[in-house]
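Each chain, letter by letter, is given below.
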Amino acid sequence: MRHVSLIVALAAFWVLLSGVFTPFLLAAGLGSVFAVVWFADRRMKVLDVEGHPSHLSVRALTYWPWLLWEIVKSGWDVTKRILHPRLPISPCLVRVPTSQQTNVGRVIYANSITLTPGTISLELTEGEILVHALTREGAEGLATGDMDRRATAFEAAL
Amino acid sequence: MSLAADILGWAFILAGSFFTVVGAFGLIRMPDLYTRLHASGVLDPFGVSLILIGLMFQAGFTLVTVKLAFLVLLLLFTSPVACHALARAALHREVKPLLDDERSSSSKR
C-alpha cells in the first residue's frame, strides 16, 4: 500500500513540476519514480510509518486548516507586541505534557508548537516538551492542552 | 486575469511583506536569542507564505501555482525543524534564556 501511495505521489510530483508531456520525459519520470521507490525501500529502509506517513493524509484536511488559523491569530498577536512601544513580552519556560503514542505524533505536536508564533519547542523528551513562550498568555494557551488533543486525534488516524 | 484576483493577490503580497518587515524589526528589538527566534524564525515563514499565496493569485490556474504551493508546504514543514534545531543547540550550549521574573527585577519597576 505504502509503495503504491509513494509511486502515485512521486509521479504526480514529477508531472506537476515538469509540465512537459513528451514520451521521452514521461519515460524518464517513470524510471526516476521507480528508482527512488526502490532506493527508499531497499537501501535506505525509510519507506515505513515514519518516512512516508500516508495514513495521515486525510486527517490533514481538518488539522491543517485549524493549525493555519492558530498561526494567523498568534502571528497577529506577536506582531502587535513587536510594534508596541513598550515591548510587552514576558518570556518563560514551560513543560507541556504530550499524549501522543508515536514518534510521528510527537513530532507533529512539537512542530505545531514551533510553527505557531510565540511558542518554540526547545526539547522533546518522553512524555513532555520543554517550550519557550514569548508571553505568559502563550504558555497558558498551550497549558489548556487543546493543540495536544488535536495532534493526538490527528495521529490516531492510523 | 480578473481584477478581483489581482487585488486579492496584491493584498496577500502586501500583508506578507508587512509581517516579514515586522519580523526583521522584532529581530532588532528583542532582548535575547530565544525571543529573537520568536520574531525571525516564526514570523518570517508566516510572512513568506503569505507572499507566496499572493503570487499564486497572480499566476492563476497554471503549473506555476502548483510549484508555489509546493514551496509553501516545504516552508511549513522545514522552518519549524530549523527553528527547533537552533533553539535546542542554544539550550545545549547553555545559553540562558532571559525570563520574565529576572527582567522585571533588573529593571526599575
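Quick caveat: nothing in here was measured; it's all calculated off a predicted structure.

## A look at the overall build of chain A
- Helix and strand content of chain A: 6 helices and 3 strands.
- In chain A, the order of α-helices and β-strands from amino to carboxyl end is α-α-α-β-α-β-β-α-α.
- Computed over the C-alpha atoms, the radius of gyration of chain A is 20 Å, more than 25% above the 15 Å expected from 2.2 N^0.38 for a compact globule of 158 residues.
- Across the 158 residues in chain A, those meeting the buried criterion constitute 28%.
- The long-range share in chain A, meaning contacts at least 24 apart out of those at least 6 apart in sequence, stands at 66%.

## Considerations on the overall build of chain B
- Within chain B, the regular secondary structure consists of 4 helices and 0 strands.
- If you list the helices and strands of chain B from N to C, you get α-α-α-α.
- Overall, chain B is about 60 × 30 × 15 Å in size when its C-alpha atoms are taken along their principal axes.
- When burial is assessed residue by residue, chain B has 28% of its 109 residues classed as buried.

## Thoughts on the nonpolar core
- The biggest cluster of nonpolar side chains holds 39 residues, and the ones touching the most others in it are Ile 113, Ile 120 and Val 131 of chain A together with Leu 43, Phe 46 and Ala 87 of chain B.
- In terms of residue count, the dominant contributor to this core is helix H2 (residues 33-59) of chain B (10 residues).
- Residues in contact with Leu 43 of chain B, not counting those within four places in the same chain, are Gly 75, Val 78 and Pro 117 of chain A together with Phe 19, Val 22, Gly 23 and Gly 26 of chain B.

## Focus: H2 of chain B
Residues and elements named next belong to chain B.
- With 27 residues, H2 extends 38 Å between its outermost C-alpha atoms, agreeing within 8% with the 39 Å of an ideal straight helix rising 1.5 Å per residue.
- Along H2, the sharpest kink reaches roughly 30 degrees, centred on Leu 43 and followed within four residues by the proline Pro 45.
- Directly after H2, the chain includes Gly 60, whose backbone phi takes a positive value near 75 degrees.

## Let's talk about the sheet that holds strand E3 (residues 128-133) of chain A
All names here are of chain A.
- Overall, antiparallel pairing links the 3 strands, which are arranged E1-E3-E2 in an open sheet. Each having just a single partner strand, strand E1 (92-97) and strand E2 (119-125) make up the two edges of the open sheet. Going from strand to strand, the sheet's axes swing by 25 degrees on average, the running direction of each strand aside.
- Two strands pair when backbone bridges link them, and E1 and E3 are joined in this way by 6 bridges, in the antiparallel orientation. Looking across to E3, one finds that Cys 92 is bridged to Ala 133.

## Section: the confidence of the model for chain A
- Per-chain confidence: chain A averages 85 in pLDDT, with 99% of residues scoring 70 or above.
- Ranking the elements of chain A by mean pLDDT puts helix H5 (residues 136-143) of chain A last, at 83, and helix H2 (residues 23-43) of chain A first, at 89.

## Observations regarding the interface of chain B and chain A
- Each partner contributes residues to the interface: chain B has 28 residues there, and chain A has 28 residues.
- Counting residues per element, the ones that place at least two in the side of chain B that touches chain A are helix H1 (3-29), H2 and helix H3 (63-92) of chain B.
- In terms of residue count, H3 of chain B provides more of the side of chain B that touches chain A than any other element does, 11 residues in total.
- Taken together, the residues of the side of chain B that touches chain A break down into 20 nonpolar, 4 polar and 4 charged.

## Focus: the packing of helix H1 (residues 2-18) of chain A against H2 of chain A
Residues and elements named next belong to chain A.
- Between H1 and H2, whose axes approach to 10 Å, the crossing angle comes to 140 degrees. One finds that H1 runs oblique with respect to H2. Of the two possible hands of crossing, H1 and H2 adopt the one that is right-handed. Together, His 3, Leu 6, Ile 7, Leu 10, Ala 11, Trp 14, Val 15 and Ser 18 of H1 and Leu 25, Gly 29, Ser 32, Val 33, Val 36, Val 37 and Asp 41 of H2 make up the contact between the two elements.
- Of the residues contributing to the contact of H1 with H2, the split by class is 10 nonpolar, 4 polar and 1 charged.

## A short note on the environment of Phe 39 of chain A
- Mapping Phe 39 of chain A onto the fold places it in helix H2.
- Taking the C-alpha atoms as reference, Phe 39 of chain A lies 32 Å from Ala 153 of chain A; in sequence the two are 114 residues apart.

## Remarks on H5 of chain A
Residue and element names in this part refer to chain A.
- Every buried residue of H5 is accounted for by Gly 138, Ala 139, Gly 141 and Leu 142. Projection of H5 onto a plane perpendicular to its axis shows the buried side chains occupying an angular sector of 160 degrees, all on one side.
- Directly beyond the C-terminal end of H5, a positive phi value near 80 degrees is found at Gly 145.

## Quick notes on the confidence of the model for chain B
Residue and element names in this part refer to chain B.
- With 91% of its residues at a pLDDT of 70 or more, chain B has an overall mean of 85.
- Within chain B, H1 carries the highest mean pLDDT (91), whereas helix H4 (residues 100-106) carries the lowest (54).
- Confidence drops under a pLDDT of 50 for residues 104-109, and excluding neighbours within four residues, the segment shows 1 contact in the predicted structure.
- Prediction confidence for the complex, expressed as pTM and ipTM, is 0.82 and 0.79 respectively.

Each value, and the rule that gives it
- Residues numbered from 1 in each chain as written.
- Chains lettered and ligands numbered in written order.
- Predicted model: local features only at pLDDT ≥ 70, side-chain atom pairs only at ≥ 80, totals over all residues.
- Helix = DSSP H or I, 4+ residues; strand = E, 2+ residues; numbered from the N terminus.
- Rg over C-alpha atoms; globule rule 2.2 N^0.38 Å.
- Buried ≥ 20, exposed ≤ 12 C-beta atoms within 10 Å, placed from the backbone.
- Contact = placed C-beta atoms within 7 Å.
- Core = buried A, V, L, I, M, F, W, Y, C linked by C-beta atoms within 7 Å.
- Expected span 1.5 Å × (residues − 1).
- Bend = angle between axes of the 7 residues up to and from the residue.
- Pairing = 2+ DSSP bridges.
- Axes fitted to C-alpha atoms, helices over the stretch in contact; angles between N-to-C directions.
- pLDDT = per-residue confidence, 0-100.
- Nonpolar A, V, L, I, M, F, W, Y, C, P; charged D, E, K, R; others polar.
- Parallel < 35°, antiparallel > 145°, perpendicular 65-115°, else oblique.
- Left-handed = near helix turned anticlockwise from the far one by under 90°.
- Arc of directions from axis to C-beta.

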